[in-house]
Amino acid sequence: GYVVEGVAVQPVAFSVQPMADGDLNEEILERYRHLAGALSLIRSKARGSITLGPGGRAVIDYPTIAEDTDRLRHFYQRMTELYLKAGAKRVLLGHGTERWVTEPPADDLPMVAGGFYQYAAHLFGGACRGTTLDGDGRVKGHKNLWVLDASAFPEALGVNPQITIASLARLGA
């Protein structure tokens, strides 16, 4: 239900989003040169929305659903096993209550909204083909206005979209 992607733990990206508070965050940053990264690409079943709120600010509503969090919990368990078998003494999870672990998390690891770290690196939708766009990626009602990026996808692919985006852009060009 997910794809594992090994990632470089980039210093700026890693340090601007604190994984913890105070001394624990300092300890994590001090261990930076010893960290290896992995993330899960989950094709989320949840559907969210973005609307304008007070002052024209974006209001994001993205529910936490069991099908998605079960897959994330499974990822935490399997990646912890993998890193420990590879020689790690402990594993850092992007989880609110479990940080450094020395054994895979339990099946009942709490996965509540705001209790684990998640982000979207590749945003999808917003100008989908068949709704806002015609089948070629042209904005409906506009002859020379095209959308040839992930905005045209109706939902997340579940994999890195780089090749798909490049292919759509080439076809549109």
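Conventions we followed
Residues numbered from 1 in each chain as written. Predicted model: local features only at pLDDT ≥ 70, side-chain atom pairs only at ≥ 80, totals over all residues. Heavy atoms only, no water. Helix = DSSP H or I, 4+ residues; strand = E, 2+ residues; numbered from the N terminus. Buried < 20%, exposed > 50% of the residue type's maximum accessible area, 1.4 Å probe, protein only. Contact = heavy atoms within 4.5 Å. Areas by Shrake-Rupley, 256 points an atom, 1.4 Å probe, with all protein chains shown as cover. Lys, Arg positive; Asp, Glu negative; His and termini not counted. Charge placed at Lys NZ, Arg CZ, Asp CG, Glu CD. pLDDT = per-residue confidence, 0-100. Salt bridge = Lys/Arg side-chain N within 4 Å of Asp/Glu carboxyl O. Core = buried A, V, L, I, M, F, W, Y, C linked by side-chain atoms within 4.5 Å.

Q: I tried to follow the overall build of the protein chain on my own but got confused; where do I start?
A: Regarding its fold elements, the protein chain presents four helices and six strands. Moving toward the C terminus, one meets the helices and strands of the protein chain in the order β-α-α-β-β-β-α-β-β-α. In terms of its C-alpha atoms, the protein chain occupies a principal-axis envelope of roughly 60 × 40 × 30 Å. Counting the 173 residues in the protein chain, one finds 28% classified as buried. Within the protein chain, contacts between residues separated by at least 24 positions form 52% of all contacts whose residues are at least 6 apart in sequence. Surface exposure of the protein chain reaches about 11,400 Å², of which carbon and sulfur atoms provide 54%. Across the protein chain, 18 positive and 19 negative side-chain charges occur, with their mean positions spaced 9 Å apart.

Q: What is the right way to read the confidence of the model for the protein chain from this model?
A: The predicted coordinates should not be examined in detail at positions where pLDDT is low. Per-residue confidence for the protein chain gives a mean pLDDT of 85, with 94% of residues at or over 70. Taken element by element, the protein chain is modelled with least confidence in helix α1 (residues 11–16), mean pLDDT 70, and with most confidence in helix α3 (residues 66–85), mean pLDDT 93.

Q: Would you explain the pattern of salt bridges in this entry?
A: Any two side chains of opposite charge can pair, so long as their charged atoms come close to each other. Scanning all chains against the criterion turns up five salt bridges. Residues Asp68 and Arg71 are paired through a salt bridge, measuring 2.8 Å at the closest nitrogen-oxygen approach. Separated by three residues within a single helix, Asp68 and Arg71 lie in helix α3, roughly one turn from each other. For the pair formed by Asp68 and Arg71, the shared burial category is buried.

Q: Could you clarify how one ought to interpret the environment of Ala88 in this entry?
A: Its place among the elements puts Ala88 in the loop between α3 and β5 (91–92). The partly exposed category is assigned to Ala88, whose relative accessible area is 30%.

Q: What exactly am I supposed to notice about the nonpolar core here?
A: In globular proteins that are soluble, nonpolar side chains generally tend to be buried together. If you look at the biggest cluster of nonpolar residues, it comprises 10 residues: Leu72, Phe75, Tyr76, Met79, Val91, Leu93, Val101, Leu109, Met111 and Phe116. In terms of residues, this core owes the most to one element, α3, which gives four residues. Setting aside residues no more than four positions away along its own chain, Met111 makes contact with Thr64, Thr69, Leu72, Arg73, Tyr76, His95 and Phe116. Listed in part, the five residues of the second largest apolar core include Ala127, Leu133, Val147 and Ala152.

Q: Please clarify how the side chain of Ser40 should be interpreted in this entry.
A: On the secondary structure map, Ser40 appears in strand β2 (residues 37–42). Given the relative accessible area of 17%, Ser40 is considered buried. In contact with Ser40, other than residues within four places in its own chain, are Tyr2, Val3, Leu72 and Phe75.

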